Amino acid sequence: TTQAGKAQTDAEQGESGRKASGEHLQAENARLKEELRREHEIYLRNLADFDNYRRRVERESASVAQAGKREMVLSLLDVLDDSERALEHMDEAPASISAGLSAIYQRLAGLLEAQGVTPFESVGQPFDPALHEAVGSVESNEQESGAVIDELRRGYRWGEELLRPARVRVAR
C-alpha cells in the first residue's frame, strides 16, 4: 500500500505540476500578447510620425524652392522693366537695334508668362493697398478720387499670388 499511496501522490503531484505549468504558459502567453500589442502600437506611432516628417520635409523643400524661384523671377521683372524703358527711348536708334531689343523683351515676357507670371491692370481701377503701392497723389477731374491715375511700375501676379505690387499715383 505504500507503493500504491506513493504512486497516487506522484500522480497528484504530476497533475498539479501540469496545471501549474499550464497556468504558467497561459500567463506567459498573455504577457507576450500584451508586449506584442504595445510594440505594435509603438510601431504604428513611429510609422505615422515618419509619414508626418516626410510630408513636412516635402512641404519645406517646396517652399524653399518656391522662395528661390520668387527671387529669380523678381530679378527678371526688373530686367523686363529696364527693357521696357529702353524701348520707350529707341526713337533715334537704328531699326535693327530697336527690333533686337524688342525681340528680347518679347521673349523674356513670354518666358515669364509661361511660368505663370502675369501683369495686372491698375490704371482706372480703385486703389487697393493689397495690389498697389501708392507713391503719390494727383489732382484729377478725369478720374474719381481714390482711383489709380498713373502706373509707374507694373504689378505682377504669380498664379493667384501677388508677386509684386504696382507702384501707382492715385487721383484725389
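Because the structure is a prediction, the values reported are computed rather than measured.

**Remarks on the overall build of the protein**
Reasoning step 1: If you tally the helices and strands in the protein, you get two helices and six strands.
Reasoning step 2: In the protein, the succession of α and β elements from N to C terminus is α-α-β-β-β-β-β-β.
Reasoning step 3: For 172 residues, the compact-globule formula gives about 16 Å, and the C-alpha radius of gyration of the protein, at 40 Å, lies well above that figure.
Reasoning step 4: The principal-axis extent of the C-alpha atoms belonging to the protein is close to 135 × 45 × 15 Å.
Reasoning step 5: Within the protein, the proportion of its 172 residues that are buried is 16%.
Reasoning step 6: Sequence separation of 24 or more characterises 61% of the internal contacts of the protein that already satisfy a separation of 6 or more.
Reasoning step 7: Accessible surface computed for the protein: about 12700 Å², of which carbon and sulfur atoms make up 53%.
Reasoning step 8: Within the protein, one finds 23 positive and 32 negative side-chain charges whose respective centroids are separated by 9 Å.

Conventions used here
Residues numbered from 1 in each chain as written. Predicted model: local features only at pLDDT ≥ 70, side-chain atom pairs only at ≥ 80, totals over all residues. Heavy atoms only, no water. Helix = DSSP H or I, 4+ residues; strand = E, 2+ residues; numbered from the N terminus. Rg over C-alpha atoms; globule rule 2.2 N^0.38 Å. Buried < 20%, exposed > 50% of the residue type's maximum accessible area, 1.4 Å probe, protein only. Contact = heavy atoms within 4.5 Å. Areas by Shrake-Rupley, 256 points an atom, 1.4 Å probe, with all protein chains shown as cover. Lys, Arg positive; Asp, Glu negative; His and termini not counted. Charge placed at Lys NZ, Arg CZ, Asp CG, Glu CD.

These values are about where atoms sit, not about what they do.
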